[in-house]
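The primary structure of each chain is shown beneath.
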Amino acid sequence: MTDPGDYGLDNLPFGIFSDAGSGRKRAGVAFGDGVIDLDRLVGAGFLDAESLRGATTLNDFFGAGLATWRAVRARVRSMLASDAPAEERAVVTTATLPRDAVTMHLPIAVGDYVDFYSSLEHATNVGRILRPNSAPLQPNYRHIPIGYHGRSGTVVVSGTPIRRPHGQRKAPDADAPTFGPSVMLDVELELGWIAGAGSNHGEPIGADAVREHVFGYVLLDDWSARDIQAWEYQPLGPFLSKSFATSISPWVVSLDALEPFRVAEPARDPEPLPYLRAREPWSYDIELEMLLQTPRMRERALAPISLSRTNFRGMYWTVAQQLAHVTSNGARLRPGDLFGTGTVSGAEQGTQGSLLELTWRGANPIALPDGETRGFLEDGDTVIMRGRAIRGAARVGLGEVVGTIAP
Ligand code: MN
């Protein structure tokens, strides 16, 4: 259970929920332990936001643009304020459900899904592991934000079970590939950003237009079958090793909520090309943690153990550069498009965002309570990813994204 302190007045993230009574999907804002039913506020005439009326996804709201997002968030915030008129506070109270009593759904109908590769440390580690006899970083890495187009239809909300994928893989010393369940099932700890206002086909978006075209962030787990990936990824990149499932957290945290945590970008050499330069810095100081609980730990009521702690601030390529790059050829952006940032890894042991790196492809298995070990995930394992930004008294949580492996 997420600490309710993650969803204070400075956060007010948006999501899609349903309650057991009506089962009807609608838009909500998380506040403390509750969910504020925005459809109800709109219906009662207390919130002027047609894009949220009867909405079962947030796509129209995200497409409505920055002025609408700010107006809705400011209105909800003012209704929650201690000096709000009694009538407004009463309406908000009536429209609030306990968060642990609702079911969360995908916040968006996912349009296009792209996953970047923006941590230099992650790219370096993966290069060392998969191509031990050549330079770990490809020569293009410091010039171009690398990514691949993923599969939007298999993006799922946190809590959805993840079925172990079957696929084709070939051991390095084997003569021929075989087909069967992945034996190197892994995770990737990432953030995802969701497109706000769209763009016209043929018209690139500049690196300074982030606030208009990006609504906000979720946590993202890019499930990865490393044995399938190692055999298929050359020459065109990941394919079926990634497309079986991608999990996201249900609450979308706005850029405005994350504004106090925007920090200077890491040093880059060489200087990126002009279209990849933004006037403002777009790194974020967001703490991330990844935890694991095995079936045996669950049976014995042992708490999940921490596998990794890292920070988002060191990512080599920012949201501004990803946005500019992905539209630089005139490709269209649509509200509800989803972009993974790439696995967030640091340089030190215990700061990497994948088991591939943490166990060095299974060579150094992780020791668990009760004498178990893990190189990669086994059936029944649950992975939990959490994100939180803290600066002084300011605190904004991204909540968590959870998935359990089904056979
Ligand atoms: Mn990834």
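Small disclaimer: the values here were computed from a predicted structure and weren't measured.

S.K.: Explain unusual backbone geometry to me, using residue names and the numbers behind them.
M.R.: For the bond running from glutamine 234 to proline 235, omega is 10 degrees, close enough to zero to count as cis. By secondary structure assignment, the location of proline 235 is in the loop between helix H7 (226-232) and strand S16 (246-248). Across the junction of aspartate 269 and proline 270, the peptide omega takes the value 5 degrees, indicating a cis bond. Despite not being glycine, tryptophan 360 shows a phi value in the positive range, around 50 degrees.

S.K.: Pulling in residues and values, what's your account of empty space enclosed by the protein?
M.R.: Within the structure shown, the criterion is met by two cavities of 30 Å³ or more. In this structure, the largest cavity spans a volume of roughly 90 Å³. Per-element tally for the lining of the largest cavity: the top contributor is helix H3 (residues 66-80), with four residues. For the lining of the largest cavity, a count of residues per class yields five nonpolar, one polar and four charged. Counting contributing residues, the lining of the largest cavity receives three or more from each of domain 1 (5-105) and domain 2 (113-406). Put simply, the second largest cavity is a space of about 30 Å³. Lining the second largest cavity we find Trp193, Tyr217, Phe312, Met315, Trp317, Thr318, Val319, Gln322 and Thr341. Looking at the lining of the second largest cavity residue by residue, the class counts come to six nonpolar, three polar and no charged.

S.K.: Which residues make up the sheet that holds strand S20 (residues 287-293), and what values do they have?
M.R.: The five strands are arranged S9-S26-S25-S20-S21 in an open sheet whose pairing can be described as mixed. Edge strands, defined here as strands with exactly one partner in the open sheet, are strand S9 (162-163) and strand S21 (305-311). Sheet topology note: the S20/strand S25 (residues 382-391) ladder contains seven bridges and is antiparallel. Within the sheet, the bridge partner assigned to leucine 292 lies in S25 and is valine 383.

S.K.: Summarise the pairing of strand S3 (residues 34-37); cite the residues concerned and give the values.
M.R.: A two-sided burial pattern is seen for S3, the buried positions comprising Gly34 and Ile36 on one face and Val35 and Asp37 on the other. Two elements, strand S2 (residues 26-31) and S3, share four bridges in a ladder whose sense is antiparallel. Each residue of the ladder has a partner; that of glycine 28, found in S3, is aspartate 37. The hairpin turn running from S2 into S3, its antiparallel successor, is two residues long, and glycine 32 in that turn takes a positive phi close to 55 degrees. Direction of pairing for S3 relative to strand S4 (residues 96-98): antiparallel, over a ladder of three bridges. For isoleucine 36, the partnering residue across the bridge sits in S4 and is threonine 96.

What counts, and at which threshold
- Residues numbered from 1 in each chain as written.
- Predicted model: local features only at pLDDT ≥ 70, side-chain atom pairs only at ≥ 80, totals over all residues.
- Heavy atoms only, no water.
- Helix = DSSP H or I, 4+ residues; strand = E, 2+ residues; numbered from the N terminus.
- 1 Å grid on protein atoms, 1.4 Å probe; cavity = no way out; pocket = protein on both sides within 12 Å on 5 of 7 lines; lining within 4 Å.
- Points joined across faces, edges and corners; volume = space filled by probe spheres on them.
- Nonpolar A, V, L, I, M, F, W, Y, C, P; charged D, E, K, R; others polar.
- Domains from an automatic or database assignment.
- Pairing = 2+ DSSP bridges.
- Buried < 20%, exposed > 50% of the residue type's maximum accessible area, 1.4 Å probe, protein only.

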